[in-house]
Amino acid sequence: MYRILNAKELTSNIYLMDVEAPRIAKSCLPGQFIIAKLDEVGERIPLTICDYNREAGTITIVFQVIGASTEKMSALKEGDSFRDFTGPLGMASEFVNEDISVLKNKKILFVAGGVGTAPVYPQVKWLRENGVSCDVIVGAKNKELLILENEMKAVAGNLYITTDDGSYGFKGMVTEQIKELVNNQGNKYDVCIAIGPMIMMKFVCLLTKELGIKTIVSLNPVMVDGTGMCGACRVSVGGEIKFACVDGPEFDGHLVDFDEAMKRQQMYKSEEGRALLRLREGDTHKGHKGKGCGGNN
Ligand code: NAD
Ligand code: FES
């Protein structure tokens, strides 16, 4: 059992929890994720790690309520426990293996959209702890939905907040802020790391391709086993099939087939769609406990 040491609602429908998981906290790195399970029969919920404290042995997760399982999860309070909390899963961010002196000379731009701000935070924090300063854009629909602003301010070199409705910070989507920084202010970036809703990552990649900025994205397709066995999280990257849970979750954004990924995400929402995927893609889709492919929320 994995005890919840702190649980709070950050804003409407978005929750933060600190979970006692010392083994994961000891070895996890930015970019990796965990799969949480509420009880014996519950669905597996994949969540990118938002923060970790190796001394305290805790992992911080942030999630949005978007289905029955996350709704149930949001009702958990301090002192309650997860039945399973598996991780760290997936590959760490590419930069953790780079030479720090090389990294220090790179101009890195992070683009975080909505709940995607949570997985961006440990990356910016890790870089700051290693003496690398980055520019960070955080976009939200409105001021109310902005999360982790103070935490991000503490670790970012420059923080640019955008809201779609202009209720706070720059008015416009994150792509408008990228154009402002690059085209109007003349900023140059070697790499952009974009994490947020699929549609945001798609449009960020279309723009950064035009601007000639290498871009990494973190994909969160539906996941079931998280071990590369079930096929649920398959994505096309550069014309090859990849499994986000073991080959990712981070990929070269300019090679990702976002339209296909978004279509699959939609199909997973209905039993008919899942049956069609099984028919087209074969029996890699065993799904959770042989019940067929399940959604992750
Ligand atoms: P949102 O819809 O509020 O969007 C956040 C920001 O993304 C917007 O403010 C805008 O600046 C930008 N954006 C959205 N559409 C855009 C477009 N067409 N062009 C350019 N920029 C655009 O975000 P949300 O409601 O927090 O998103 C929830 C979704 O994010 C869920 O589907 C969830 O699965 C996904 N998510 C992904 C990750 C990940 O690891 N990739 C992590 C957490 C959540
Ligand atoms: Fe990735 Fe099953 S969740 S293959």
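Note: the structure precedes this text.
Residues numbered from 1 in each chain as written. Chains lettered and ligands numbered in written order. Predicted model: local features only at pLDDT ≥ 70, side-chain atom pairs only at ≥ 80, totals over all residues. Heavy atoms only, no water.

If you had to explain the site of ligand 1 to someone new, which residues and values would you point to?
In the region of ligand 1, 21 residues are neighbours, and V115, D164, V174, S218 and N220 sit closest. Within the side chain of K141, an N or O atom sits 3.1 Å from an oxygen atom of ligand 1. G196 places a polar main-chain atom, nitrogen or oxygen, 3.2 Å from a nitrogen atom of ligand 1. Its free accessible area being 860 Å², ligand 1 has 82% of it covered by the protein chains. The cavity where ligand 1 resides is the largest pocket. Those elements that provide at least two residues to the shell around ligand 1 are β10 (135–140), α6 (174–184) and α7 (198–211). Of the residues forming the shell around ligand 1, the biggest block, four residues, is contributed by α7. Partitioned by chemical class, the residues of the shell around ligand 1 number 10 nonpolar, nine polar and two charged. (Near = heavy atom within 4 Å. Polar contact = N/O pair within 3.5 Å; in protein donor to acceptor, adjacent residues only side chain to side chain. Areas by Shrake-Rupley, 256 points an atom, 1.4 Å probe, with all protein chains shown as cover. 1 Å grid on protein atoms, 1.4 Å probe; cavity = no way out; pocket = protein on both sides within 12 Å on 5 of 7 lines; lining within 4 Å. Sits in = over half its atoms within 2 Å of the grid points. Helix = DSSP H or I, 4+ residues; strand = E, 2+ residues; numbered from the N terminus. Nonpolar A, V, L, I, M, F, W, Y, C, P; charged D, E, K, R; others polar.)

Any details on the sheet that holds strand β13 (residues 191–195)? Residues and values, ideally.
The seven strands lie next to each other as β12-β11-β10-β9-β13-β14-β17, forming an open sheet whose pairing is mixed. Of all the strands in the sheet, the pair left with one neighbour each is β12 (170–171) and β17 (250–252). Sheet topology note: the β10/strand β11 (residues 158–163) ladder contains six bridges and is parallel. When the bridges of β11 are listed, V138 appears paired with I161. The sheet strands contacting helix α4 (residues 117–129) are β9 (108–113), β10, β13 and β17, and the helix crosses β9 at an angle near 155°. (Pairing = 2+ DSSP bridges. Contact = heavy atoms within 4.5 Å. Axes fitted to C-alpha atoms, helices over the stretch in contact; angles between N-to-C directions.)

Outline the packing of aromatic side chains, listing residues and values.
Counted according to the given criterion, the structure contains four aromatic pairs. With centroids separated by 5.5 Å and ring planes inclined at 40°, the aromatic side chains of F82 and F85 adopt a geometry described as tilted. Across the pair, exposure class does not vary: F82 and F85 are buried alike. Between the aromatic rings of F95 and W126, the centroid separation amounts to 5.4 Å while the plane-to-plane angle is 45°, which identifies the pairing as tilted. Of this pair, F95 sits in the loop between β8 (84–89) and α3 (100–104) while W126 sits in helix α4; the two residues are 31 residues apart in sequence, bridging distant segments of the chain. One Lys or Arg, K143, reaches over the ring of Y168 and ends 4.9 Å from the middle of that ring. (Phe/Tyr/Trp six-rings, centres within 6.5 Å; stacked < 30°, edge-to-face > 60°. Buried < 20%, exposed > 50% of the residue type's maximum accessible area, 1.4 Å probe, protein only. Lys NZ or Arg CZ within 6 Å of the ring centre and 35° of its normal.)

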